[in-house]
Amino acid sequence: VESVFDKLENFLSLTMEETLEVTNVVSKLALCTDVDIFCRFFAYNNDKKNQRSLISILRHVWKDASERKTRIKGFSERLREVRVELGILEQVDEEEKVILKEGKVVDWDVELRKFVVAYAILIELLKEIAAILQATEWLVNAERRQASWLIKSDGSSSSSSNGTNKSSDSRERLSSDLRYD
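Residues numbered from 1 in each chain as written. Predicted model: local features only at pLDDT ≥ 70, side-chain atom pairs only at ≥ 80, totals over all residues. Heavy atoms only, no water.

In this model helix 5 (residues 75–86) runs 16 Å from its N-terminal to its C-terminal C-alpha over 12 residues, within 8% of the 16 Å that 1.5 Å per residue would give. Considered for burial, the residues of helix 5 that qualify are Phe75, Leu79, Glu81, Val82, Arg83 and Val84. Where helix 5 ends, the next residue or the one after it, Gly87, has phi of about 75°, a positive value. (Helix = DSSP H or I, 4+ residues; strand = E, 2+ residues; numbered from the N terminus. Expected span 1.5 Å × (residues − 1). Buried < 20%, exposed > 50% of the residue type's maximum accessible area, 1.4 Å probe, protein only.)

Quick look at the structure:
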């Protein structure tokens, strides 16, 4: 995890290939079901300034990227060109189709291009991490609801006087309850 954090801290100066590889590894670690790895990866504590986590590093990298982009003339246009080239944009207008077809990307400095490519990939990484965290939160909440619902239904079924098996009925109601969340 520490070596991934080291790479992530230098994300904006990595080549496109390196940023994609780091993104791949980060995504796999973020999806890891091991609780210790997940907690170490996503731990964030404002009180501990030296504690590194995915969240603290991404906050720092995003702050740096946001500051750097304001100093670049025509950044939005350059970012759009890179996003077209990388195939990130969903809708591409006619001018952008020409860029894709003819490979017409403005001739620019290698370091600037590296930064803009890393910035575009960073945006996608942030979206992916947000989606993973949102899905994880939903699953944890669903498990909590399920556990509390089962505890409630077990208590009511044990006091049932008609003696019928309510477990299948309880599962159906639970499934229905979780589906409409």
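Leu8, Phe11, Val26, Leu54 and Ile129 are the most contacted members of the largest nonpolar core, which has 35 residues in total. Those elements that place two or more of their residues in this core are helix 1 (2–9), helix 2 (16–30), helix 3 (35–42), helix 4 (54–70), helix 5 and helix 7 (110–158). The leading source of residues in this core is helix 7, at 13 residues. Sequence-distant contacts of Ile129, that is, excluding residues within four places in its chain, are made with Val26, Ala30, Phe42, Leu54 and Leu58. (Core = buried A, V, L, I, M, F, W, Y, C linked by side-chain atoms within 4.5 Å. Contact = heavy atoms within 4.5 Å.)

Running from N to C, helix 1 and helix 4 cross one another at 10°; their axes reach a closest spacing of 10 Å. Our classification of the angle between helix 1 and helix 4 gives roughly parallel. Mapping the contact onto sequence places Phe5, Leu8 and Glu9 in helix 1 and Leu54, Ile57, Leu58 and Val61 in helix 4. The residue inventory of the contact of helix 1 with helix 4, partitioned by class, reads six nonpolar, no polar and one charged. (Axes fitted to C-alpha atoms, helices over the stretch in contact; angles between N-to-C directions. Parallel < 35°, antiparallel > 145°, perpendicular 65-115°, else oblique. Nonpolar A, V, L, I, M, F, W, Y, C, P; charged D, E, K, R; others polar.)

Before going further, it helps to examine the environment of Cys39. Within the element layout of this structure, Cys39 appears in helix 3. For the pair formed by Cys39 and Ser53, sequence separation is 14 residues and the distance between their alpha carbons is 9.1 Å.

A separate point is the pattern of salt bridges. Under the counting rule described, the total for this entry stands at eight salt bridges. The salt bridge partner of Arg52 is Asp6, with a shortest N-O separation of 2.8 Å. Taken together, the positions of Arg52 in the loop between helix 3 and helix 4 and Asp6 in helix 1 put the pair 46 residues apart, joining distant regions of the chain. You can call Arg52 buried: its relative accessible area is 18%. The closest approach of N and O atoms between Arg113 and Glu85, which form a salt bridge, is 2.5 Å. Of this pair, Arg113 sits in helix 7 while Glu85 sits in helix 5, and the two are 28 residues apart along the sequence. Judged by its relative accessible area of 39%, Glu85 falls in the partly exposed class. A cluster of three or more residues bridged by salt bridges with shared partners is formed by Glu2, Asp6, Glu9 and Arg52. (Salt bridge = Lys/Arg side-chain N within 4 Å of Asp/Glu carboxyl O.)

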